[in-house]
Amino acid sequence: TMSLLSFAGDQGYSDRLSSISLGQGQGPIAEKKLAEATKAGAWLLLQNCHLAVSWMPKMEALVEMFDPNVIHPDFRLWLTAMPSPQFPVAVLQNAVKMT
């Protein structure tokens, strides 16, 4: 997380980076922030995705519906997670993985 905050600062996005730690009941909040970020060209960090297993199918559907012609070109979605068999394969396949 600190590395991302530093990177966002280096890129001039400190003021446009928001984060949410996923867990019980955070899915709807994350969904709202995701919709806002895609329109505004913000960066969104969803932390601890492995703790929101029940919300993962919804996140997968939202990511699959991303239309590059509609989403702001500056938008970035960052995810952190521990390895989990419930993590959506489609999201992993369309992501750049960093360790």
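Criteria and thresholds
- Residues numbered from 1 in each chain as written.
- Predicted model: local features only at pLDDT ≥ 70, side-chain atom pairs only at ≥ 80, totals over all residues.
- Heavy atoms only, no water.
- Core = buried A, V, L, I, M, F, W, Y, C linked by side-chain atoms within 4.5 Å.
- Buried < 20%, exposed > 50% of the residue type's maximum accessible area, 1.4 Å probe, protein only.
- Helix = DSSP H or I, 4+ residues; strand = E, 2+ residues; numbered from the N terminus.
- Contact = heavy atoms within 4.5 Å.
- Arc of directions from axis to C-beta.
- Pairing = 2+ DSSP bridges.
- Axes fitted to C-alpha atoms, helices over the stretch in contact; angles between N-to-C directions.
- Phe/Tyr/Trp six-rings, centres within 6.5 Å; stacked < 30°, edge-to-face > 60°.
- Polar contact = N/O pair within 3.5 Å; in protein donor to acceptor, adjacent residues only side chain to side chain.

Asker: Explain the nonpolar core to me, please; I cannot follow it from the model alone.
Answerer: Leu-22, Leu-46, Trp-55, Met-56 and Met-59 are the most contacted members of the largest nonpolar core, which totals 19 residues. Elements with a minimum of two residues in this core: helix H2 (27-40), strand S2 (43-47) and helix H3 (56-64). Ranked by residues supplied to this core, first place goes to H3 with 4 residues. Those residues in contact with Trp-55 that sit more than four places away from it in its chain are Leu-22, Gly-27, Ala-30, Glu-31, Leu-46 and Leu-62. Ala-8, Tyr-13, Leu-17 and Trp-43 belong to the second largest nonpolar core, which has 6 residues in total.

Asker: Could you clarify how one ought to interpret H3 in this entry?
Answerer: Three or four residues apart is the spacing at which side chains of an α-helix point the same way, because the helix has 3.6 residues per turn. Every buried residue of H3 is listed here: Met-56, Met-59, Leu-62 and Val-63. Around the axis of H3, the buried residues are gathered within 120° of arc, so they sit on the same side. Exposed residues lying more than 90 degrees from the buried face of H3 are Pro-57 and Glu-64. Residues of H3 that are buried make contact with H2, S2, strand S3 (76-79) and helix H4 (89-93).

Asker: What's the story with the sheet that holds strand S1 (residues 17-21) in this structure? I'm lost.
Answerer: Backbone-to-backbone hydrogen bonds pair the strands of a sheet. The strands run either parallel or antiparallel. A sheet is described by the order of its strands in space; here 3 strands give the open sequence S1-S2-S3, paired in parallel fashion. The open sheet has two free edges, formed respectively by S1 and S3, since each of these has just one partner strand. Taken over all neighbouring pairs, the strand axes of this sheet differ in orientation by 15° on average, direction set aside. Alignment of S2 against S3, held across 4 bridges, turns out to be parallel. Directly across from Leu-44, in S3, lies its bridge partner Leu-77. Set on the sheet, helix H1 (residues 2-10) makes contact with S1, S2 and S3; between it and S2 the angle comes to about 180°.

Asker: Hey, could you run me through the packing of aromatic side chains in this one?
Answerer: Both the distance between ring centres and the angle between the ring planes are used here to describe each pair of aromatic rings. Counted by the stated rule, this structure contains 5 aromatic pairs. When the ring of Trp-43 is compared with that of Trp-78, the centres are 5.4 Å apart and the planes differ by 55°; the resulting orientation is tilted. On the criterion of sequence distance, the pair formed by Trp-43 in strand S2 and Trp-78 in strand S3 is long-range, its members being 35 residues apart. On the numbers, 5.6 Å between centres and 85° between planes, the contact of Phe-66 with Phe-75 is edge-to-face.

Asker: What exactly am I supposed to notice about the side chain of Gln-47 here?
Answerer: Relative to the assigned elements, Gln-47 resides in strand S2. Here Thr-1 takes part through its side chain, which lies 3.1 Å from a polar atom of the side chain of Gln-47. Among residues more than four places away in sequence, those in contact with Gln-47 are Thr-1, Ile-20, Ser-21, Leu-22 and Thr-80.

Asker: Looking at this model, I keep getting lost on the environment of Ala-42. Mind explaining?
Answerer: Positionally, Ala-42 belongs in the loop between H2 and S2. Spatially, the C-alpha atom of Ala-42 lies 20 Å from that of Ala-61, the residues being 19 residues apart in sequence. Non-local contacts of Ala-42, meaning those with residues more than four positions away in its chain, are made with Arg-16, Ala-37, Asp-74, Phe-75 and Arg-76.

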